[in-house]
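In case you want the letters, here they are:
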Amino acid sequence: MLVSFLTGVLAMEGVPNPNHYDKSIVLDVKPLRSLKPVFPNGNQGPPFVGVPPFGPSSTGYSPFFPFGSQPPTQDTPDLNQTQYTPPPSFVPPLQSYRSPTTTASNGPSSSTGAKRGRPKGSGNAKKKDKTVPQEPTLDVQVVKRFSGVFDSGISAAEREDGNVDLVSTVLMRFDAVRRRLSQVEYAKAATAKAAGSLMSNGVRTNMKKRVGTVPGIEVGDIFFSRIEMCLVGLHMQTMAGIDYITSKAAGADEEPLATSIVSAGRYDGEAQDPESLIYSGQGGNADKNKQASDQKLERGNLALERSLRKGNGVRVIRGEEDPASKTGKIYIYDGLYTISESWVEKGKSGCNTFKYRLVRVPGQPPAFGFWKAVHKWKEGLMTPRRGLILPDITSGVESKPVSLVNDFDDEKGPSYFTYISTLKHSEAFRITQQNTATGCSCRGSCAPGDLNCSCIRMNGGDLPYLNGVMLVSRRPMVYECGSTCPCNAGCKNKVIQTGLKFRMEVFKTANRGWGLRSWDPIRAGSFICEYAGEVKDQETLRMDQEEDEYVFDTSRVYNSFKWNYEPALVDEDPSDELSEEFNLPAPLLISAKSFGNVARFMNHSCSPNVLWQPVISEGNGEPVVHIAFFAIRHIPPMAELTYDYGVSLTSESRDGSLLHGKRQCNCGSGRE
Ligand SMILES: [Zn+2]
Ligand SMILES: [Zn+2]
Ligand SMILES: [Zn+2]
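Per an unreviewed UniProt entry, the chain goes by the name SET domain-containing protein and belongs to Brassica rapa subsp. trilocularis.

If you want it as structure tokens, here you go:
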């Protein structure tokens, strides 16, 4: 257990095809600092406040990627397979600390079904009894814990040309790895490390460079790092703002064409008009504190010039500040633009700068436009929001207002209910759990790796959340600190009890009644809301069929899918893999018909963007099971939030078709 290892994805020079990498080779461990930085500096990554499990005692262990020390270059490595030589091993050792598992976290260990071509997890793996915490070690030993070639489940053809499922799973797998690395490691390097791991293991798609749309990427999709856009082929440059294609195949005089640009938004003083954009060319040290020089008509600038003549669509990605973080950025894919004109301007330094005007191709759904609209709604500049019925349906129960909006028809609102923010228990309800947990005895905030904290121990030694908002992995049960824990309100193990994190609205849908969506972008893993309502017992509920529509029932059959990180991608022992099967002390039925929160408006989808996870937090000295919803993937502003309602066993064969809860499926995903 006291070891970490490097999977061998080394020595790739001269190996053009990632399929042929021999991943079983384990070479000498080089000094970590010698790893060649390939991905951009730390400000691409999320500014997580990483808490290493053993704090400052882990001396000498520092982030591996000295990005800051590397001066940015004009043209960063092109991550297109044919021109790009992968870096040396990117899978650095995790800190060797391994979490002890408690019996409480041992769920039913049946294998988790893997959907959408993902490799099967080792759900049947035995759990090891590791109740004694191990001392951390800094020794990096090369041990082949993960033997055999990693099967990415992605074929060579799929790596070249993607589709919706591939794009979605690549991004999900990336973020699962990133969250895990952030959980156990230094957070700043997690994004780069996760990227290295996925790239070297062939978990990527759309590597074929193309002009125009990219299969599986939709206008409005959001990304939280530039590396995510590389992994799915939207923009293959990790630093340069202009990406382009040179078709050598078509002859030597063929000139470059621009494929995509990343606009830095307000940082560059570029226009904030959602329909057009003025973009500055690259080079000339325009935005650096160096001696400025004239920009040259070469590389990206030349490509934009050629694209202006040719009139091809250029993908535009708008970079914006992440409202949830001071230093993070969000990238919004705003669809295709054409270049309408170009000119040369004297910059502040007096040197020539190329300027390009880009105009959005009409007929595309709003993306950056939504972003700007939400800004205005929030600042009250465009009041009232069209179709606004109520500014806050929670009447102040939640810390953030939830608007009620209907810009579709005349219906004035959903039927009456009382807004509550959490569960309401009937007299008869008692949780059939033997051990009445008493909280931990921590002062301040509970810390990952602190095995004196009984709450952390229940979670296997890890903090189940990142940054107090993101679920790292699904697990049989998450244990939050409760009311008898003396830790402070800001304890990072108190998430679902601290309420809504996003500004949401209940809105009228075209064919599914009322629905729920967020004004804010939601990063994968983020807590959205819990399922509030009255806890019912099975018998009384069965009598009221109508109520079924508002019931959350854990005994339904749910599509299984893999969401957690793959241990091989973070150098962990596959036998330590967390089960994604829930382990509930008893089936839980919650009715939100008369009492409920925003969750009662979330519709069903067979291709959902929200998942649920049982969370125990203690209330009145008793452990209470809550159902908490988290984002499966990044969810753009104004996208409807949906989850899988599951299939009610009792309503299964009434008319021969499966019902989701009591509802016919209207999700339109075609996945039933
Ligand atoms: Zn705590
Ligand atoms: Zn604690
Ligand atoms: Zn606690």
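Q: Hey, could you run me through the overall build of the chain in this one?
A: Counting secondary structure elements, the chain contains eight helices and 25 strands. By residue count, 46% of the 672 residues in the chain fall in the buried class. In the chain, the share of contacts with a sequence separation of at least 24, taken over all contacts with a separation of at least 6, comes to 74%.

Q: Would you mind going over unusual backbone geometry with me for this structure?
A: Negative phi is the rule for most residues except glycine; trans is the rule for most peptide bonds. The backbone of arginine 299 sits at a positive phi, close to 45°, despite the residue not being glycine. Inspection of the secondary structure assignment puts arginine 299 in helix 5 (residues 299-310). With 18 C-beta atoms packed within 10 Å, arginine 299 lands in the partly exposed category. The phi angle at methionine 638 is positive, at roughly 75°, despite the residue not being glycine. Tracing the chain through its elements places methionine 638 in the loop between strand 24 (622-631) and strand 25 (642-643).

Q: Quick question: what am I supposed to make of helix 5 here?
A: Given 3.6 residues to a turn, an α-helix orients residues that are three or four positions apart in the same direction. In a regular helix each residue adds 1.5 Å, so 12 residues correspond to 16 Å; helix 5 covers 16 Å between its end C-alpha atoms and thus fits that length. Listed in full, the buried residues belonging to helix 5 are Gly300, Asn301, Leu302, Ala303, Leu304, Glu305 and Ser307. Those residues of helix 5 hidden inside the fold are in contact with strand 2 (242-245), strand 3 (257-263), strand 5 (314-321), strand 6 (329-346) and strand 7 (352-360). Once helix 5 ends, the next one or two residues include glycine 311, with phi positive near 80°.

Q: Sorry if this is basic, but what is going on with the packing of helix 2 (residues 164-184) against helix 3 (residues 190-200) here?
A: The axes of two packed helices give the description: the angle between them and the distance between them. In the contact formed by helix 2 and helix 3, the axes pass within 8 Å of each other and the chain directions differ by 135°. Relative to helix 3, helix 2 is oriented oblique. For the crossing formed where helix 2 meets helix 3, the hand is right-handed. Facing Arg173, Phe174, Val177, Arg178, Leu181 and Ser182 of helix 2, the residues of helix 3 in contact are Ala190, Thr191, Lys193, Ala194, Ser197 and Leu198. A per-class count over the contact of helix 2 with helix 3 returns six nonpolar, three polar and three charged.

Q: Any chance you could explain the sheet that holds strand 11 (residues 423-425) here in plain terms?
A: Two pairing modes exist for strands in a sheet, parallel and antiparallel, and in both the strands are linked by backbone hydrogen bonds. In spatial order, the strands read 11-18-20-19; together these four strands make up an open sheet with mixed pairing. What marks the edges here is a single partner per strand, and that holds for strand 11 and strand 19 (551-553). Strand after strand, the sheet turns through a mean of 30° between neighbouring axes, direction not considered.

Q: What is the right way to look at the sheet that holds strand 8 (residues 388-390) in this model?
A: The sheet built from four strands is open, its strands ordered 8-9-15-16 with mixed pairing. Of all strands in the sheet, those bounded by a partner on one side alone are strand 8 and strand 16 (514-518). The sheet shows a mean angle of 35° between the axes of neighbouring strands, direction not considered. Note: strand 8 against strand 9 (residues 402-405), two bridges, orientation antiparallel. In the sheet register, leucine 388 faces strand 9, and the bridge partner there is valine 405.

Q: What should I look at first to understand the environment of glutamine 295 in this one?
A: Mapped onto the fold, glutamine 295 is located in the loop between strand 4 (276-280) and helix 5. Judged by the 23 C-beta atoms lying within 10 Å of it, glutamine 295 falls in the buried class. Spatially, the C-alpha atoms of glutamine 295 and glutamine 282 are 6.8 Å apart, while their sequence positions differ by 13 residues.

Q: Would you mind going over helix 3 with me for this structure?
A: Within helix 3, 11 of the 11 residues are buried, leaving the element largely enclosed by the surrounding structure. Looking at the packing, one finds that the buried side of helix 3 touches helix 2 and helix 4 (226-231). Once helix 3 ends, the next one or two residues include glycine 202, with phi positive near 75°.

Q: Looking at this structure, how should I read the nonpolar core?
A: Inside soluble globular proteins, nonpolar side chains tend to come together where they are buried. Of all hydrophobic cores here, the largest spans 137 residues; its most connected members are Ile528 and Val610. It is helix 2 that contributes the most residues to this core, 10 residues altogether. Shared between two domains, this core takes at least three residues from each, and those domains are domain 1 (1-52 + 61-69 + 209-383) and domain 2 (384-643). Apart from the residues lying within four places of it in its own chain, the contact partners of isoleucine 528 are Phe502, Ile522, Val610, Phe629, Phe630, Ala631 and Leu641.

Q: I tried to follow the pairing of strand 18 (residues 533-536) on my own but got confused; where do I start?
A: Remark: a regular strand shows side chains that alternate across the two faces of the sheet. Where strand 11 meets strand 18, three bridges bridge the pair, whose relative direction is parallel. Across the sheet, lysine 424 pairs through a bridge with glutamate 534, a residue of strand 18. Sheet analysis places strand 18 next to strand 20 (residues 589-591), joined by three bridges and oriented antiparallel. The partner of valine 535 across the bridge, within strand 20, is isoleucine 590.

Q: Would you explain the environment of alanine 324 in this entry?
A: Note that alanine 324 resides in the loop between strand 5 and strand 6. Note: C-alpha distance between alanine 324 and arginine 523 (199 residues apart in sequence) is 9.5 Å.

Q: Mind showing me how you'd approach the environment of arginine 475 here?
A: As for its position among the elements, arginine 475 is in the loop between strand 13 (470-471) and strand 14 (478-479). What makes arginine 475 buried here is the crowd of 24 C-beta atoms within 10 Å. Considered as a pair, arginine 475 and proline 614 are 139 residues apart in the sequence and their alpha carbons are 8.5 Å apart.

Rules and cut-offs
- Residues numbered from 1 in each chain as written.
- Chains lettered and ligands numbered in written order.
- Predicted model: local features only at pLDDT ≥ 70, side-chain atom pairs only at ≥ 80, totals over all residues.
- Helix = DSSP H or I, 4+ residues; strand = E, 2+ residues; numbered from the N terminus.
- Buried ≥ 20, exposed ≤ 12 C-beta atoms within 10 Å, placed from the backbone.
- Contact = placed C-beta atoms within 7 Å.
- Expected span 1.5 Å × (residues − 1).
- Axes fitted to C-alpha atoms, helices over the stretch in contact; angles between N-to-C directions.
- Parallel < 35°, antiparallel > 145°, perpendicular 65-115°, else oblique.
- Left-handed = near helix turned anticlockwise from the far one by under 90°.
- Nonpolar A, V, L, I, M, F, W, Y, C, P; charged D, E, K, R; others polar.
- Pairing = 2+ DSSP bridges.
- Core = buried A, V, L, I, M, F, W, Y, C linked by C-beta atoms within 7 Å.
- Domains from an automatic or database assignment.

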